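# Secondary and tertiary structure notes
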Amino acid sequence: MATTTSAASNARTYKNFVNNQWVAAASGETFPVYDPSTEEVIANVAAADKSDVDAAVKAAREAFDNGPWRQTTAQDRGRILFKLAEKIRQNSAALADLECRNSGKPIVEAEYDIADVATCFEYYGGLATKVTGHVNPVPANALSFTLREPVGVAAQIIPWNYPLLMAAWKLAPAIAAGCCCVLKPAEQTPLTALEFANYLEEVGLPPGVVNVINGFGETAGAALVAHPGVDKVAFTGSAAVGKIIVKSAADTLKRVTLELGGKSPNIFFAEADWEAAVDGALFGVFINQGEVCSAGSRILVEKSIYKKFVEAMTEKAKRITLGPPLARETKMGPLVSKEQYDRVASYLDLGRKEAKVAIGGNKSKQFGKGFYLEPTIFYDVENSARIAREEIFGPVASVIPFDGENDAIRIANDTPYGLAAAVWTRDIYKAFRVVKSLRAGIVWVNHMQPTYVEAPWGGYKQSGFGRELGPWGLEEYLETKQVFVNLDETPIGWY
């Protein structure tokens, strides 16, 4: 079983999942996991260290190098992924509830996330049988072709804002490709990934193919990245940690894909559809409490509508329901942890010095407990301000005026990040000019945040490299092998 329950409390204890077995950390240590809406401990989780990482990588290595997983066909892997999707759908209500209580996200959003998890496994279940090589026309009497093969053992380190969905984005393409995995959930939100591990053996995954270990970045995460038995690292998280991972992985020349932070511009031209634009501005930055790497936290507004737009945003923001995550009317829940709450609160203090406050900027007075912050809109923000340049990862918007198309592009691109952007206009010619000029991996037109498994996800500049989702996500877990077959019986004649 994944869990045990302490007689002294309702907090459950979760172990690590290694080689299809639940095992305690070698040290016996655990750490608490909290409900951010009540600040209560809801679980205790095994704290992996280097020895636990060694055991998990050894299991994955054995499964990849010598186990039955090497003999599975693409059809076999596809069937397993479809079975996992079915398990997710069968347990969707319980998983959404747990995701909600562990992360603080509203239950309605958690339900959408869990549905997307199932869709992701289904998509890669179908894609598993679509991996093909090529025949290469070479100038010789020979046959040259390529084989696509799994990269090997993948270390996958995921963030806390979309816990099970980020696990699916990494596990599904890796399984489809034939890789073996060691997944490390974020220490704040490991619970749904651990519950998901219960399904792995049930659907026919051999021991060692997917292992789930818990722990902190400085210990378990660092040991995973540095481990010589790991062939690839896939990481979603902050740019600062991404840089550390690249440096560590360089010692063993691991393949690395990174989906890092963002400071996405959400650009509104005067001719944009008014109601849709105001809604898009709020949704783009306050969805999931603003704990979104692609959040449209820099709201760029053309000067001719700037004052009216700020007023309309402010008025609508008053109607955002802040409340308990399990309440269906809640639009914004608490931040994920005390650490994140304090970090975002420090930016609110900074923002009051750098700009003007249209609404919010404080701890919510509605709740005695929980890491709740008001949705906050700063305006008359300079793009050089820290609140406009640094990723806050909370419900904080910076509204910046611009004067015409070229000025909007200049401000939008003046950032070290390049994950996402959005453009709102009825002028299709302007829309495509701006789309082509923006340095971002994802650009939405007259929308903000739609994400589909069929389309690539990833960024430019310090938002990382590599892509997830779609066939691009599968490519990241494949190697290309060239095979040359000589068809000429004539000796080479070198001697």
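For the structure itself, consult the block above.
Per chain, residue numbering runs from 1 following the sequence as it is written. In keeping with the model being predicted, local features are shown solely for residues with a pLDDT of at least 70 and side-chain atom pairs are shown and tallied solely at 80 or more, while totals for entire chains, interfaces and linings include all residues. Hydrogens and waters are ignored; side-chain quantities use all the structure's heavy atoms.

This part covers the packing of aromatic side chains. Ring pairs are drawn from Phe, Tyr and Trp, using the six-membered ring of Trp, whenever the two centres fall within 6.5 Å, and their geometry is named by plane angle: stacked under 30 degrees, edge-to-face over 60, tilted for the rest. According to the stated counting rule, one finds 14 aromatic pairs in the structure shown. Look at tyrosine 123 and tyrosine 124: their rings are 5.0 Å apart centre to centre, the planes differ by 90°, and that puts the pair in the edge-to-face class. Among the aromatic side chains, those forming a connected cluster through ring pairs are Phe268, Trp274, Phe309 and Trp424. Throughout this description, the term charge over a ring refers to an Arg CZ or Lys NZ atom that lies within 6 Å of the ring centre and within 35 degrees of the ring normal. Just above the ring of tyrosine 477 sits the side chain of lysine 232; from NZ or CZ to the centre is 4.8 Å. Directly above the aromatic system of tryptophan 274 lies the positively charged group of lysine 308, at a separation of 4.5 Å from the ring centroid.

What follows is about the pattern of salt bridges. Between Lys or Arg on one side and Asp or Glu on the other, a salt bridge is scored when a side-chain nitrogen of the former is within 4 Å of a carboxyl oxygen of the latter. Going through the model one piece at a time under the given rule, you end up with 28 salt bridges. Salt-bridge contacts for aspartate 65 lead to arginine 61; the nearest nitrogen and oxygen are separated by 2.9 Å. With aspartate 65 and arginine 61 both in helix α1 (residues 50–65), this residue pair falls 4 residues apart, about one helical turn. Under the scheme applied here, a residue whose accessible area is under 20% of the maximum for its type counts as buried, over 50% as exposed, and between as partly exposed, the area being computed with a 1.4 Å probe on protein chains only. Arginine 61 gets classed as partly exposed once you look at its relative accessible area, which sits at 22%. Ionic pairing is found between arginine 386 and glutamate 390, a salt bridge with its closest N-O pair at 2.8 Å. By relative accessible area, arginine 386 is classed as partly exposed at 41%. Judged by its relative accessible area of 26%, glutamate 390 falls in the partly exposed class. The network of salt bridges with common partners includes Arg61, Asp65 and Asp231. Helix and strand definitions here come from DSSP, where helices need a minimum of 4 consecutive H or I residues and strands a minimum of 2 consecutive E residues; each element is numbered from the N-terminal end.

Our next topic: the pairing of strand β12 (residues 232–236). Burial analysis of β12 places 5 of its 5 residues in the buried class, which makes it a mostly covered element. Burial along β12 is two-sided: the residues Lys232, Ala234 and Thr236 and Val233 and Phe235 are all buried. Both strand β9 (residues 153–157) and β12 contribute to a ladder of 4 bridges, which runs parallel. When the sheet's bridge partners are listed, isoleucine 157 is paired in β12 with phenylalanine 235. Bridge count for β12 against strand β13 (residues 255–259) is 5 bridges, and the pairing is parallel. Within β13, the position partnered with alanine 234 by the bridge is threonine 257. Considered for its hand, the β-α-β crossover made up of β12, helix α8 (residues 239–250) and β13 is right-handed. Here the rule is simple: two strands pair whenever DSSP picks up at least two bridges between them. For a crossover, the right-handed case is the one in which the path from the first strand over the helix to the second runs clockwise, viewed with the strands pointing away from the viewer.

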